[in-house]
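Here is how the chains run, residue by residue.
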Amino acid sequence: MFEKWADKLKEKAKQTEEISFRPYDTTTEPVREEVPAPMPEPAPVASSIKTGTENNIELKVVRPDSFADVSTIADYLLAGCTVVLNLEALDRASVIRMLDFLNGVTYSTDGEIKQVAQTTYIVTPRDVDVSEK
């Protein structure tokens, strides 16, 4: 058994081309990349400006017990709510299934999913941005 394997390895070694390296040229100067200047911080929005509409963002905290709860979470997203999703109670297969389903929902509604902890995700609709700082 091992003899056949050793013969196959020897044949494969004969078939591979040799790699040739060009000599290192010490006369060339290293390439220096220019570091871009840091972006300025955006100006704060004045709190006195009123648009006439209230921007209430509804936040739902969900800890599903089974994959069957995914439709409720999808309904929250379709209604424009942000969902904090705690998946501690689910097994690995259900977590993968649920995240796959919710990825489809967020993709179709232009939303976003971000992992904030090992088993916790924040799922946002189109108009909500979550930034890390």
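Reference entry: report on the structure contained in this document. Keep in mind that what you see is a predicted model, and the values were worked out from it rather than measured. (Residues numbered from 1 in each chain as written. Predicted model: local features only at pLDDT ≥ 70, side-chain atom pairs only at ≥ 80, totals over all residues. Heavy atoms only, no water.)

## Things to note about helix H3 (residues 92–108)
For step 1, the next point in the chain: The terminal C-alpha atoms of H3 lie 24 Å apart, and with 17 residues this matches the ideal 24 Å at 1.5 Å per residue to within 8%.
For step 2, the next point in the chain: Here the buried face of H3 lies against helix H2 (70–78), strand S2 (82–86), strand S3 (112–117) and strand S4 (120–124).
For step 3, the next point in the chain: Just downstream of H3 lies Asp-110, where phi reads positive at about 65°. (Helix = DSSP H or I, 4+ residues; strand = E, 2+ residues; numbered from the N terminus. Expected span 1.5 Å × (residues − 1). Contact = heavy atoms within 4.5 Å.)

## A short note on the sheet that holds strand S1 (residues 59–62)
For step 1, the next point in the chain: With mixed pairing, four strands are arranged side by side in an open sheet as S1-S2-S4-S3. Every other strand in the sheet has two partners, leaving S1 and S3 as the edge strands with one partner each. Pairs of neighbouring strands in the sheet enclose a mean axial angle of 20°, with direction left out of account.
For step 2, the next point in the chain: Both S1 and S2 contribute to a ladder of four bridges, which runs parallel. Paired with Lys-60 across the strands is Val-83, a residue of S2.
For step 3, the next point in the chain: Across the face of the sheet, H2 comes into contact with S1, S2 and S4 while running at roughly 155° to S2.
For step 4, the next point in the chain: Sheet strands touched by H3: S2, S3 and S4. Its angle to S3, the strand with the most contacts, is close to 140°. (Pairing = 2+ DSSP bridges. Axes fitted to C-alpha atoms, helices over the stretch in contact; angles between N-to-C directions.)

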